[in-house]
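# What the coordinates show
Given next are the chains, with one letter for each unit.
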Amino acid sequence: IYTGAAWQRLASAAEVTAVNGHVGAVTLRQTSTIVGDGSTSTFTVAHSLGAIPSVSLYENDGQITATRCVATASNITLTFYSAPAVGETYTVVMNE
């Protein structure tokens, strides 16, 4: 769905969950990509989930990567222990 400012992905069938016995509750999810430049070690990613999300960071091979993560209701700040190499790509998954 286009909100007028950005594209917002709808929940897939796999993301529809039962919460407190209420079938049909939706877990909101957003993803973003971080690409290393060899010198930047802190990245800020904006989100529109409206709450502080849980955050997972994955390398290209699907492995979860450890970083320092600070989440707010509108941004995620990820600080790597060393700057990702040039072209090294990570996927940030944010769940409400």
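See above for the structure.
Read on for a plain summary of the structure. These figures come from a predicted structure and were not determined experimentally.

With that settled, the discussion passes to the environment of Phe 80. Within the element layout of this structure, Phe 80 appears in the loop between β7 (75-79) and β8 (89-95). Counting along the chain gives 39 residues from Phe 80 to Ser 41, while the straight-line C-alpha distance between them is 5.1 Å.

One pass over the structure, following the stated rule, counts two aromatic pairs. Note on Phe 43 and Phe 80: the rings are 5.7 Å apart at their centroids and 80 degrees apart in plane angle, and the pair reads as edge-to-face. Remark: Phe 80 occurs in the loop between β7 and β8 and Phe 43 occurs in strand β4 (residues 42-46); sequence separation between them is 37 residues. For the pair formed by Phe 43 and Phe 80, the shared burial category is buried. A ring pair is formed by Phe 80 and Tyr 90, whose centres lie 4.9 Å apart and whose planes are at 55 degrees; its orientation type is tilted. Of this pair, Phe 80 sits in the loop between β7 and β8 while Tyr 90 sits in strand β8, and the two are 10 residues apart along the sequence. Neither residue differs from the other here; Phe 80 and Tyr 90 are each classed as buried.

Inspection of the secondary structure puts His 47 in the loop between β4 and β5 (54-59). Here His 47 is in contact with Gln 30, Pro 53, Thr 72, Ala 73, Ser 74, Asn 75, Ile 76 and Met 94, once residues within four sequence places are set aside.

Analysis parameters
All residue numbers refer to position in the chain's written sequence, counted from 1. Confidence filtering applies because this is a predicted model: local features only for residues at pLDDT of at least 70, side-chain atom pairs given and counted only at 80 or more, and all residues used for totals across whole chains, interfaces and linings. Just so you know, side-chain values use all the structure's heavy atoms and leave hydrogens and water out. Strands are runs of DSSP state E lasting at least 2 residues, helices are runs of H or I lasting at least 4, and numbering of each runs from the N terminus. Within 6.5 Å between ring centres, the rings of Phe, Tyr and Trp (the latter by its six-membered ring) count as paired, and their orientation is classed by plane angle as stacked under 30 degrees, edge-to-face over 60, tilted in between. The cut-offs for exposure are 20% and 50% of the maximum accessible area for each residue type, with area from a 1.4 Å probe on protein chains only; residues under the lower value are buried, those over the upper are exposed, and the others partly exposed. Residue contacts follow a heavy-atom distance rule, with two residues in contact if any of their heavy atoms lie within 4.5 Å.

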